[in-house]
Amino acid sequence: MARTQRPIWLLIAATAGIAVPPANGDVSFSDHDEYLINTTGGAYTYTRCVATGDLDLNGTEDVIVTDRYNENIILFLNDGTGQLTETDSIYATEQNRIVVVVDVNNDGFPDLATACKNGANVFINRGNGSDGWLNFALPVLLHAGANPHWIEHADLNDDGYADLLVADFGEVDEAGGWYAYINRGDGTFEDGLLFDWGINARCISIACNDLNQDGLDDIAVLGRYTEVAIYLNQGADPATGAWLGALYASTTHLTESGACSIRAGDFEQDGDIDLAIAHRTAPVTSLLTNDGNGSFTGHTISTSQSEHAELADIDRDGDVDLLLAHKHNGRFTTLLNNGEGGFTTAYQSSPIYSIDTKYLACSDLDQDQDLDVILVDAYLEEDKGAIRVFFNETPCNAMSLNDDCLVDVLDLLLLIEFWGHCDPNDPCDADYDDDGEVEIHDLLSLIESWSS
């Protein structure tokens with residue numbers, strides 16, 4: 001089999017531990033599995049958000065779904081192959097939107113927190129009950145404005161406990177903003193601290209990450225449908241441990257309106273965190289690139305209108321890809337990253353115009369080492385919702401020597417271990433050209449497939 005040898009500088013870069021530019025691979029998904037949901041209560045079923053986490057600690061990712069109008073939080077347990085079984089719902093105050101899975105009391109069990117009417121619901125996971133089902137404590141409501149829409153978690157004061165942040169969508173012609181809740185260390189929280197944006201703030205989404213590379217989680221808030229405000233975390237008082245708050249740093253004005261979700265990730269693989277914003281009323285997605293100090297430059301890429309943007313390495317090539325959920329046609333789109341923050345559409349699911357697709361999550365449900373996609377849908381003019389699971393069938397890189405589908409430094413070390421003549425009675429996988437010896441040509445072949 002003929003192989004193209006790369007220039008010697010690539011060989012030197014790889015063996016020196018310098019990142020070699022990855023190659024994009026193909027991405028594909030199975031036909032979806034659908035799980036219908038009909039929540040109880042007097043209101044119309046409108047499933048709104050989906051998240052994943054190992055709720056029962058059996059080593060597989062389970063699925064959590066919220067309902068926009070009723071009180072249900074629906075739990076699906078994973079059998080280990082990606083097949084889901086709905087358990088009894090847990091109940092909260094009404095109008096639950098975004099849900100996050102996070103261990104707030106550090107007992108090893110993932111807990112749940114939702115943005116809901118008038119605040120945030122926190123559910124403490126107590127493990128399996130005597131009947132074998134999951135056992136969650138009654139929710140504790142943290143008050144946060146009139147109409148909270150989004151919730152996120154971060155360790156704001158760097159004490160090892162997850163704090164909560166809530167974006168309040170508010171009401172028309174009323175003041176609004178976002179709230180921070182500091183965890184006391186036992187899963188209870190101090191009173192919410194309001195960061196007021198003023199009249200018609202309409203804070204719809206929030207993301208947390210270290211934006212200025214100081215080791216602290218900062219906050220990016222999406223509001224007024226056209227603005228992204230950056231707040232820099234001031235950390236904790238060294239004497240008392242009290243959180244010192246977050247300092248407003250800048251606002252980026254987006255060129256398109258209808259912004260409705262914001263996510264954070266390193267698009268360009270330059271070590272700093274960038275931002276992606278979905279727009280529900282314009283056929284674009286906004287990308288804000290970070291200069292390394294928490295200042296951003298924005299541009300848009302052409303996409304369909306989308307309700308939610310998610311960031312994940314969906315093709316296993318080592319960089320962050322972009323996935324979009326489209327409410328108006330019930331589909332999702334996968335855009336692959338070229339390794340430098342350039343995105344190209346690689347996959348779109350089939351359209352279904354009779355549903356509203358509001359959100360997507362990425363998780364390895366079937367334990368095959370790649371990320372699957374879960375969509376949450378509300379059926380129009382029907383009192384039911386659904387989740388759809390698309391299993392990732394992206395081809396695994398056969399050049400991987402440790403079967404993790406990536407070609408990286410671990411494979412390089414294995415190749416070096418095999419270096420030399422192969423034992424005829426124990427063939428070595430690193431002999432890519434089957435000449436009975438692991439040598440320079442095999443090393444070059446491995447580098448050619450690096451991180452692809």
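A. The sheet that holds strand β20 (residues 246-253), seen in detail. Across the sheet, which stays open at both edges, the four strands sit in the order β17-β18-β19-β20 with antiparallel pairing between neighbours. Either end of the sheet is taken by a strand with one partner, and the two such strands are β17 (205-209) and β20. Strand-to-strand twist across the sheet, computed as the mean angle between neighbouring axes with direction ignored, equals 20 degrees. Sheet topology note: the β17/strand β18 (residues 218-223) ladder contains five bridges and is antiparallel. Of the residues in β18, the one forming a bridge with Ser 205 is Leu 222.

B. Examining the pattern of salt bridges more closely. Considering all chains together, one arrives at nine salt bridges under this definition. For Arg 224, the salt bridge goes to Glu 227, with nearest N and O atoms at 3.6 Å. On the basis of relative accessible area, Arg 224 is assigned to the partly exposed category, the value being 26%. One salt bridge connects Glu 382 with Lys 384, and the closest N-O pair in it is separated by 3.5 Å. By sharing partners, the salt bridges in this structure join Glu 152, Arg 263 and Glu 310 into a single network.

C. Main features of the environment of Glu 171. Here Glu 171 shows up in the loop between β14 (163-168) and β15 (175-181). Placed 24 residues apart in sequence, Glu 171 and Asn 147 show a C-alpha to C-alpha distance of 7.0 Å. If near-sequence neighbours (up to four positions away) are discounted, Glu 171 is found in contact with Ala 146, Asn 147, Asn 200 and Arg 202.

D. Seen up close, the confidence of the model for the protein chain. With 93% of its residues at a pLDDT of 70 or more, the protein chain has an overall mean of 90. Low pLDDT, under 50, characterises residues 1-25; the predicted model gives this stretch 42 contacts beyond four residues in sequence or across chains.

E. Looking closely at unusual backbone geometry. In the Ramachandran plot, Asn 106 falls in the positive-phi region, its phi being about 55 degrees despite a non-glycine side chain. Summarising the element assignment, Asn 106 is placed in the loop between β7 (99-102) and β8 (111-116). Phi angles above zero are rare outside glycine, and Arg 316 is one such case at about 60 degrees. Inspection of the secondary structure assignment puts Arg 316 in the loop between β25 (308-312) and β26 (321-326).

F. Broad picture of the environment of Gln 369. Counting through the fold element by element, Gln 369 comes out in the loop between β29 (355-363) and β30 (372-379). Classification of Gln 369 by relative accessible area gives partly exposed; the value is 47%. It is 36 Å that separates the C-alpha atoms of Gln 369 and Val 140, two residues lying 229 residues apart in sequence. Residue contacts for Gln 369: discarding those within four places in its chain leaves Arg 316, Asp 364, Asp 403 and Asp 404.

G. Region of the structure containing the environment of Gly 192. Counting through the fold element by element, Gly 192 comes out in the loop between β15 and β16 (193-199). Accessibility expressed as a relative area gives 34% for Gly 192, which makes it partly exposed. Along the primary structure Gly 192 and Ile 182 are separated by ten residues, whereas in three dimensions their C-alpha atoms are 7.6 Å apart. Each residue touching Gly 192, except ones within four places of it in the same chain, is listed here: Tyr 179, Ala 180 and Tyr 181.

H. Layout of the packing of aromatic side chains. One pass over the full model with this rule turns up 15 aromatic pairs. Look at Tyr 231 and Tyr 248: their rings are 5.8 Å apart centre to centre, the planes differ by 70 degrees, and that puts the pair in the edge-to-face class. Placement of Tyr 231 in strand β19 (residues 227-233) and of Tyr 248 in strand β20 is noted, with a sequence separation of 17 residues between them. The class of Tyr 231 is buried, set by a relative accessible area of 6%. Given the relative accessible area of 44%, Tyr 248 is considered partly exposed. Through successive ring pairs, a cluster of aromatic residues spans Trp 178, Phe 195, Tyr 231, Trp 243 and Tyr 248. The side chain of Arg 202 reaches across the aromatic face of Phe 169, ending 4.0 Å from its centre. Over the ring of Tyr 379 we find Lys 384, and its NZ or CZ is 4.5 Å from the ring centre.

I. Up close: the state of the cysteines. All chains considered together, the criterion is met by one disulfide. Note on cysteine connectivity: Cys 422 is disulfide-linked to Cys 428, with sulfurs 1.9 Å apart. For the pair Cys 422 and Cys 428, one class covers both residues: buried. With no disulfide partner, Cys 203 has as its closest neighbouring cysteine sulfur the one in Cys 208, 13 Å distant. By relative accessible area, Cys 203 is classed as buried at 0%.

Criteria and cut-off values
Residues numbered from 1 in each chain as written. Predicted model: local features only at pLDDT ≥ 70, side-chain atom pairs only at ≥ 80, totals over all residues. Heavy atoms only, no water. Pairing = 2+ DSSP bridges. Helix = DSSP H or I, 4+ residues; strand = E, 2+ residues; numbered from the N terminus. Axes fitted to C-alpha atoms, helices over the stretch in contact; angles between N-to-C directions. Salt bridge = Lys/Arg side-chain N within 4 Å of Asp/Glu carboxyl O. Buried < 20%, exposed > 50% of the residue type's maximum accessible area, 1.4 Å probe, protein only. Contact = heavy atoms within 4.5 Å. pLDDT = per-residue confidence, 0-100. Phe/Tyr/Trp six-rings, centres within 6.5 Å; stacked < 30°, edge-to-face > 60°. Lys NZ or Arg CZ within 6 Å of the ring centre and 35° of its normal. Disulfide = S-S within 2.5 Å.

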